[in-house]
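As a plain string of letters, each chain reads:
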Amino acid sequence: MPNSTEFADTPLVPVTGTLYSDKSDPRFELALTTAEGWGDAGLPSGVVDGSENKWVAAAHRKRGATVLRSTVGGIASQRQQGARYASEQGATNVLTLEPEKPGVAAFAGTIIDTLDDVDILAIGRTEVAENSLPVVQQRTEHLAGWILEQTLNLPADSLAGPRGFSANGIKHLIDYPSSEPGMNNWIYMYQTMIEARHAGHVIDGIQIDMIHPRSMVEQETGSEIFDKKRYDQFVLQLDYLLDHYNDQIDPAAGDIAAKVLRMTKAVKEDPAGNFVTKLSRLEDSLRENGYEIAPRSLELKKP
């Protein structure tokens, strides 16, 4: 039986999910660097590993992480499993994030202090950090973050992955329906915040210099696979959130929501069509609503 007070005196427990098959993958090396960073910051970390091999778990344990075997693979389910374990082990605050975030540990103090007054915290990026992203990722996440801020009053840059949870906030992640069709993905980052706010809990956001690792920028830039991932994220997240929470959209932003939903519908009806053309048209139409295109994204505007 595991010690039920393993994390009782720990101010923050970061948890993540891993899935690697290649030791030469730069993401694997970054995940190990991230685990080391939490140890250097004096914090334990939890890893829920879904890899077929044993060396991913062994390498993380060597760097001080508590490693669990994933029961259900997936972005939401693995982080949910880790958060549930941390909570059961007495953690007061839990941070869920991608495994390849080596710079976040430097801001642990800021996250801990903010969670004194906040139940779910969206940890976003400063302008400097946003400009370190691959351009396609910056373009889609800058736009989607603005849309969610305007329509559903979510914190700025809610597309950034890290989320801080207090003891009250973590209940919303533990209860998140990751086993339902179409839900074991990024939607958890937003739905938990919306449900927490509805329950009277406090949500907020901060921006930190969360610089995107250069090796990931090199791996992703110009990659059709990663570009498609960003485009798919954009459509999946906005289409679901603006439809599912239609009754919570700020009335003043109804026009914005309508424009976005028309665009996502067009993409779903014509999945083989030119996504960049549709995205450019959406950006242009939202300018009249006050949207400012990320400067680096302008180089991608030509369809």
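Provided above is the structure to which this section pertains.
All values derive from a computational prediction rather than experimental measurement. (Residues numbered from 1 in each chain as written. Predicted model: local features only at pLDDT ≥ 70, side-chain atom pairs only at ≥ 80, totals over all residues. Heavy atoms only, no water.)

## Comments concerning the side chain of T192
Stage number 1. Locating T192 in the fold gives a position in helix 8 (residues 188–198).
Stage number 2. A distance of 2.6 Å separates the side chain of T192 from the backbone oxygen of Y188, its partner in a polar contact.
Stage number 3. When neighbours within four sequence positions are excluded, T192 is seen to be in contact with I120, F165, H172, L173 and Y176. (Helix = DSSP H or I, 4+ residues; strand = E, 2+ residues; numbered from the N terminus. Polar contact = N/O pair within 3.5 Å; in protein donor to acceptor, adjacent residues only side chain to side chain. Contact = heavy atoms within 4.5 Å.)

## What about the sheet that holds strand 7 (residues 203–208)?
Stage number 1. Taken together, seven strands build an open sheet; the order of strands is 3-2-1-4-6-5-7 and the sheet is mixed. Only two strands of the sheet have a single neighbouring strand rather than two, namely strand 3 (66–69) and strand 7. Averaged over all pairs of adjacent strands, the angle between their axes in this sheet comes to 25°, without regard to strand direction.
Stage number 2. Note: strand 1 (residues 13–18) against strand 2 (residues 46–49), four bridges, orientation parallel. Residue G17 lies in a different strand from strand 2, and its bridge partner there is V48. (Pairing = 2+ DSSP bridges. Axes fitted to C-alpha atoms, helices over the stretch in contact; angles between N-to-C directions.)

## Looking at the pairing of strand 2
Along a regular strand, successive side chains alternate from one face of the sheet to the other.
Stage number 1. In strand 2, alternate side chains face the same way, and those of G46 and V48 on one face and V47 and D49 on the other are all buried.
Stage number 2. Crossover strand 1 to strand 2 through helix 1 (residues 26–40) is right-handed.
Stage number 3. With four bridges joining them, strand 2 and strand 3 adopt parallel strand pairing. Looking at strand 3, one finds that D49 is bridged to R69.
Stage number 4. Between strand 2 and its parallel partner strand 3, the chain crosses via helix 2 (residues 55–62), and the hand of that crossover is right-handed. (Buried < 20%, exposed > 50% of the residue type's maximum accessible area, 1.4 Å probe, protein only. Right-handed = clockwise from strand over helix to strand, strands pointing away.)

## Focus: the packing of helix 10 (residues 224–244) against helix 11 (residues 254–269)
Stage number 1. At a minimum axis separation of 10 Å, helix 10 and helix 11 run at an interaxial angle of 130°. When the axes of helix 10 and helix 11 are compared, the pair comes out oblique. Pair helix 10 / helix 11 crosses with left-handed handedness. Facing F234, V235, L238, D239, L242 and D243 of helix 10, the residues of helix 11 in contact are A257, V260, L261, M263, T264, V267 and K268.
Stage number 2. A breakdown of the residues in the contact of helix 10 with helix 11 according to their chemical character gives nine nonpolar, one polar and three charged. (Parallel < 35°, antiparallel > 145°, perpendicular 65-115°, else oblique. Left-handed = near helix turned anticlockwise from the far one by under 90°. Nonpolar A, V, L, I, M, F, W, Y, C, P; charged D, E, K, R; others polar.)

## A closer look at unusual backbone geometry
Stage number 1. A positive phi is found at N153, a non-glycine position, where the angle reads about 55°.
Stage number 2. Looking at the secondary structure, you find N153 in the loop between helix 6 (135–152) and strand 6 (163–165).
Stage number 3. Residue N153 is classed as partly exposed on the basis of its relative accessible area of 43%.
Stage number 4. Phi is positive for D157, which is not a glycine, with a value near 55°.
Stage number 5. With respect to the helices, strands and loops of the structure, D157 is situated in the loop between helix 6 and strand 6.

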